[in-house]
Each structure stands twice: as C-alpha cells, then as structure tokens.
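Summary of the model geometry
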Amino acid sequence: MADQRLFFALWPEAQVRDEFAALAHASAPGEGRRHRADDLHMTLVFLGQVDPSRRQCIEGVADAIRAPSFELTIDHTGFWSRPRIFWAAPDTTPEPLKQLVHDLNHGLRGCGFEPEQRSYKPHVTLYRKARHAKPTPLPAGIQWPVREFVLASSANPGSSSTRYQVLRRWALDDAGEETG
Ligand code: ATP
Ligand code: MG
C-alpha cells in the first residue's frame, strides 16, 4: 500500500451538505472554483502524507475518542485572501468541537505527529481560487447536527477521480447518554 494524504474531518450528511451547496451557489464570490457538494467538509486535523504503518496508529487514536455529539450553527461566510478561499463558519466554536480537535491532536502525538501551532479555525471551504468576497451573514444559519467524524484521504491534485474519499467513520456519543 502506498502513502496516503489523510485528514480527520466532519462530513455533513445529505441535507446539510445540500444547504452548504445552495449557499455556495448563492454567494458566488466572483471567480473561483466551487467545491463539489460531495467534497464539502470541515477539517478537524490535517495529517498530510501518511505511510501504511502509521495508519493503524491513527485509527487507534480515533477508536479511543469518547466525545459527545453536538450542534453546530454556521453563521457567516468569509474570505482569506492569501489562500484565496471563500468559506462558511460558525460564529463561535462549540466546546465539544474544540475538545474533539484537542483530543485528536493529543492522541496523534503518540503516533509521531506534531500538533498544529496555529489556533483551530473551523470552516467549510466553499470556493477555492476566489478573487474577493464580502462576508455574508446567514440570518437563519445552517444547523448542522454533528453525530460522527471521519478519516478522509485526498487524491492527487488534478486527478479526474473523486477528490476526497471518506475512509472510516466514528460515531459520537448520543447527547445526554452516559459514557464510560
Ligand atoms: P489542494 O491542496 O490540492 O489545493 P486541498 O487543500 O483541498 O487541495 P489537501 O491539501 O489534501 O487538499 O487538504 C485536505 C484538507 O485538509 C482540506 O480541507 C484542507 O483545507 C486541509 N488542510 C490542508 N493542509 C492543511 C494544513 N497545513 N493545516 C490545516 N488544514 C489543512
Ligand atoms: Mg491543500
């Protein structure tokens, strides 16, 4: 098996995915390449190029996570001019999301990964290579019930096959349920 480019992410199910796709369609930021609906996701931790031997360690970290499901409200869009990315994001990051990212990073140290130094900024990329975009508030917001997280791979840039692939899913605990 060859190395793979991997990342942990939240992947919306069909209804929420369609809301993101509609938002992307409605907020076209001038030029840019819109993400396919099936590619829309929120990265939790980017791992980069991973050889097969470390894959097992990574999956073990995810197996050990005990975290609650949570509700995410996507409230606004924005634009980062340097990577030229137009995105949608929550106004505030829910505590369980921060905790999930923290726990993944903490566990991944044991697999030899250095945690990201920059603070975590949850976002769903809607457009790449955008030129400009004025931030748009979303009065109703997109309500995203987060019930699982996934390990995904990203294909070689320029390949005609699906860009991202969900490799494995891990359920988050039901809200209100005792965990142990
Ligand atoms: P490309 O790099 O080919 O333009 P991409 O950024 O979507 O496309 P990847 O670089 O494989 O593809 O990234 C996969 C996911 O991880 C994306 O959501 C991307 O935003 C995120 N990501 C990539 N690099 C980093 C990084 N250094 N830190 C945090 N997240 C990252
Ligand atoms: Mg990239």
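To start, this report covers the structure provided alongside it. Keep in mind the model is a prediction, meaning the values are calculated, not measured.

1. What to know about helix 2 (residues 52-64)
The first and last C-alpha atoms of helix 2 sit 19 Å apart over 13 residues, in line with the 18 Å expected at 1.5 Å per residue. Burial in helix 2 covers these residues: Arg55, Ile58, Glu59, Val61 and Ala62. The arc enclosing the buried residues of helix 2, seen along the axis, measures out at 150°, which places them on a common side. Residues of helix 2 that are exposed and point over 90 degrees away from its buried face: Ser53, Gln56 and Ala64. The inward-facing, buried residues of helix 2 abut strand 1 (4-10), strand 3 (42-50), helix 3 (95-109), strand 8 (148-154) and strand 9 (164-171).

2. Thoughts on the packing of aromatic side chains
A ring pair, where both rings are aromatic, is described by two values, the distance of the centres and the angle of the planes. With the rule as written, the count across this model stands at nine aromatic pairs. Centroid distance tryptophan 11 to tyrosine 164: 6.1 Å. Interplanar angle 75°. Geometry classified as edge-to-face. Here tryptophan 11, found in the loop between strand 1 and helix 1 (14-26), pairs with tyrosine 164, found in strand 9; they are 153 residues apart in sequence, far enough to count as distant. Residue tryptophan 11 shares its accessibility class with tyrosine 164, and that shared class is buried. Between phenylalanine 20 and tryptophan 144, the ring centres sit 5.5 Å apart and the planes meet at 75°, which makes this aromatic pair edge-to-face.

Parameters at a glance
- Residues numbered from 1 in each chain as written.
- Chains lettered and ligands numbered in written order.
- Predicted model: local features only at pLDDT ≥ 70, side-chain atom pairs only at ≥ 80, totals over all residues.
- Heavy atoms only, no water.
- Helix = DSSP H or I, 4+ residues; strand = E, 2+ residues; numbered from the N terminus.
- Expected span 1.5 Å × (residues − 1).
- Buried < 20%, exposed > 50% of the residue type's maximum accessible area, 1.4 Å probe, protein only.
- Arc of directions from axis to C-beta.
- Contact = heavy atoms within 4.5 Å.
- Phe/Tyr/Trp six-rings, centres within 6.5 Å; stacked < 30°, edge-to-face > 60°.

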